[in-house]
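Coordinates in review
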Amino acid sequence: MFGSGLLLVTFSLSACGMMAGMMGMGDKWHAMLNMDEVMDEEGMNVQKIMAKRTEEEQKAFARGRDLFNDVSLGKNGQSCNSCHAGGGASSASAKVVATGMTRQIASLKGAAARYPKYDPASHSVITLKMRDNNCIRLYMDGSPLALDGWDSSSLEQYVKSFSNGSQVAAGSGR
Amino acid sequence: MKRYLIPTAAVAVLLVGCGMHSRYNPGDQYGDRVTTDKKALAANLQSGGGSATAEEAKFLAWGKDLFNNTDLGKNGQSCNSCHPGGASSGGEARIPKKMGHGPYALPIPSLVGASSRFPKYKVPNGKVISLQQMDNNCIRMFMNGKRLPLDSPESIALAAYVTSLSKGEDIDISSGSKR
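Residues numbered from 1 in each chain as written. Chains lettered and ligands numbered in written order. Predicted model: local features only at pLDDT ≥ 70, side-chain atom pairs only at ≥ 80, totals over all residues.

A few words on the overall build of chain B. When helices and strands are tallied, chain B shows six helices and four strands. Along chain B, helices and strands appear, N-terminal first, in the series α-α-α-α-β-β-β-β-α-α. Among the 179 residues that make up chain B, the fraction classed as buried is 39%. Considering only contacts in chain B between residues 6 or more positions apart, those separated by 24 or more positions represent 56%. (Helix = DSSP H or I, 4+ residues; strand = E, 2+ residues; numbered from the N terminus. Buried ≥ 20, exposed ≤ 12 C-beta atoms within 10 Å, placed from the backbone. Contact = placed C-beta atoms within 7 Å.)

Here is the structure:
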């Protein structure tokens, strides 16, 4: 993995160098890693980027797991895990706090594969982050997480990991 | 046939767009579309997913239009310029110094399978971000445009279309342990 990354970067470096030379840009342009990662001249090298990526993805995953089990996201003593223990369905139904009506609890395994999707409560197509917020509001009586925040992305990462191995099926009308 | 298809689709998308705007409350910073009216909420929940397929088709069509729309940026580029039909154009995209990084020249990736790996770490953000935020990275860095608010129907529609490019691909979320 690292070897091939290094090879790619070496290749990109020389390719960029040639291109920059041709275009008279000197060292203004920078070499790239792994097709979608960047390397800048301030010393972010391949090893550092990969170590940082691992660290950040671990950090977000752990944060997402903490949030999933955190009853302070809501106000009724429930966490995500109360209804979806280990990503499954803990019991048959959950109560919508505002209306008192009960709704069937779905397993989260494979659920992320269908987002963005139509959501009846929202009466619109929403993202997985927004669905997480709906659960927090409707079933936990809590406040939604800011969509551009790290917490929201971390929770999404953790929730989506329950669907690892499922095929993306967005837009299939389910 | 193709000549008429594009204007027809554009009109349809415009109509769809107007329809969605009327339901969208831009004052809601969290994109929470759940009504606070208990009766309306109960009715929505009871109606189930009756209009699910039609609504999702609308968003997909709109997202496809946005994907091909140069108005998202200011340099005459659309998403499709770099990712024709979701594939890679094969070249490199260049961006000026932005967001405290760069300038960069990036080999353009295919978008097939991309949504399977988001949320993931991205260098310019320095943290794990979602697919919608990556769409915004591209708009800002490669198209010199303004980010779409994550709760806006535009952002959701674009994410729906970009996600549909990965249809059938296995979801592969990293917990940081395998790469």
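With that out of the way, let us pick up the overall build of chain A. Along the backbone of chain A there are five helices and six strands. From first element to last, N terminus to C terminus, chain A shows the α and β order α-β-β-α-α-β-β-β-β-α-α. In chain A, which comprises 174 residues, the share counted as buried stands at 45%. Long-range pairs, those at least 24 residues apart, make up 47% of the contacts in chain A with a sequence separation of at least 6.

Turning next to the environment of Arg131 of chain A. All names here are of chain A. Relative to the helices and strands, Arg131 is located in helix 4 (residues 128-140). Expressed as a C-alpha distance, the spacing of Arg131 and Gln58, which sit 73 residues apart in the sequence, is 23 Å. Ignoring any residue separated from it by four or fewer positions in sequence, one finds Arg131 in contact with Tyr115, Asp119 and Ile126.

At the interface, 66 residues of chain A touch 60 residues of chain B. Secondary structure elements with two or more residues in the side of chain A that touches chain B: helix 1 (2-23), strand 2 (37-38), helix 2 (46-68), strand 5 (117-119), strand 6 (124-126), helix 4 and helix 5 (150-161) of chain A. A per-class count over the side of chain A that touches chain B returns 29 nonpolar, 22 polar and 15 charged. (Nonpolar A, V, L, I, M, F, W, Y, C, P; charged D, E, K, R; others polar.)

Okay, the packing of helix 4 of chain A against helix 5 of chain A next. Angle between the axes and distance between the axes are the two parameters that describe a pair of packed helices. All names here are of chain A. Where helix 4 contacts helix 5, the two axes come as close as 9 Å, and the packing angle between them is 95°. As far as their axial angle goes, helix 5 and helix 4 are roughly perpendicular. Facing helix 4, whose interface residues are Leu128, Lys129 and Asp132, helix 5 presents Ser152, Leu155, Glu156, Val159 and Lys160. Broken down by class, the residue content of the contact of helix 4 with helix 5 amounts to three nonpolar, one polar and four charged. (Axes fitted to C-alpha atoms, helices over the stretch in contact; angles between N-to-C directions. Parallel < 35°, antiparallel > 145°, perpendicular 65-115°, else oblique.)

Backbone torsion omega between Tyr115 of chain A and Pro116 of chain A reads -5°, so that peptide bond is classified as cis. In the segment running from Phe118 of chain B into Pro119 of chain B, the intervening peptide bond is cis, with an omega of 0°. Among the structural elements, Pro119 of chain B can be located in the loop between strand 2 (104-107) and strand 3 (120-122). Even without a glycine there, the phi angle at His123 of chain A is positive, about 55°. Looking at the secondary structure, you find His123 of chain A in the loop between strand 5 and strand 6. At Asp141 of chain A, a position not held by glycine, the phi torsion is positive, near 60°. With respect to the helices, strands and loops of the structure, Asp141 of chain A is situated in the loop between helix 4 and helix 5. In this structure Asp141 of chain A comes out as partly exposed when scored by C-beta crowding, with 16 C-beta atoms within 10 Å.

Let us now look at helix 5 of chain A. Residue and element names in this part refer to chain A. The first and last C-alpha atoms of helix 5 sit 16 Å apart over 12 residues, in line with the 16 Å expected at 1.5 Å per residue. Among the 12 residues in helix 5, 10 count as buried, and that is most of the element. Of all the residues in helix 5, the buried ones are Ser152, Ser153, Ser154, Leu155, Glu156, Gln157, Tyr158, Val159, Lys160 and Ser161. (Expected span 1.5 Å × (residues − 1).)

Next up on the list: the environment of Thr102 of chain A. Summarising the element assignment, Thr102 of chain A is placed in strand 4 (residues 102-104). Counting along the chain gives 24 residues from Thr102 of chain A to Ile126 of chain A, while the straight-line C-alpha distance between them is 22 Å.

Glancing now at the packing of helix 5 (residues 131-142) of chain B against helix 6 (residues 153-164) of chain B. Residue and element names in this part refer to chain B. One can describe the packing of helix 5 onto helix 6 by two numbers: an axis separation of 9 Å at closest approach and a directional angle of 100°. One way to sum up the angle between helix 5 and helix 6 is to call them roughly perpendicular. Contacts between helix 5 and helix 6 pair Leu131, Gln132 and Asp135 from the former with Ser155, Leu158, Ala159, Val162 and Thr163 from the latter. In terms of residue class, the contact of helix 5 with helix 6 is made up of four nonpolar, three polar and one charged.

Turning to the confidence of the model for chain B, a few remarks are in order. Residue and element names in this part refer to chain B. With 74% of its residues at a pLDDT of 70 or more, chain B has an overall mean of 80. Of the regions scoring below 50 in pLDDT, residues 10-30 engages in 19 contacts with residues more than four places distant in sequence or in other chains. Scoring of the predicted complex yields 0.78 for pTM and 0.79 for ipTM. (pLDDT = per-residue confidence, 0-100.)

Further remarks concern the environment of Pro119 of chain B. For Pro119 of chain B, a count of 32 C-beta atoms within 10 Å corresponds to the buried category. Between the alpha carbons of Pro119 of chain B and Asn44 of chain B there is a distance of 29 Å; along the sequence they are 75 residues apart. If sequence neighbours within four positions are ignored, Pro119 of chain B has contacts with Ala60, Ser153, Glu156 and Gln157 of chain A together with Val128, Ile129 and Ser130 of chain B.

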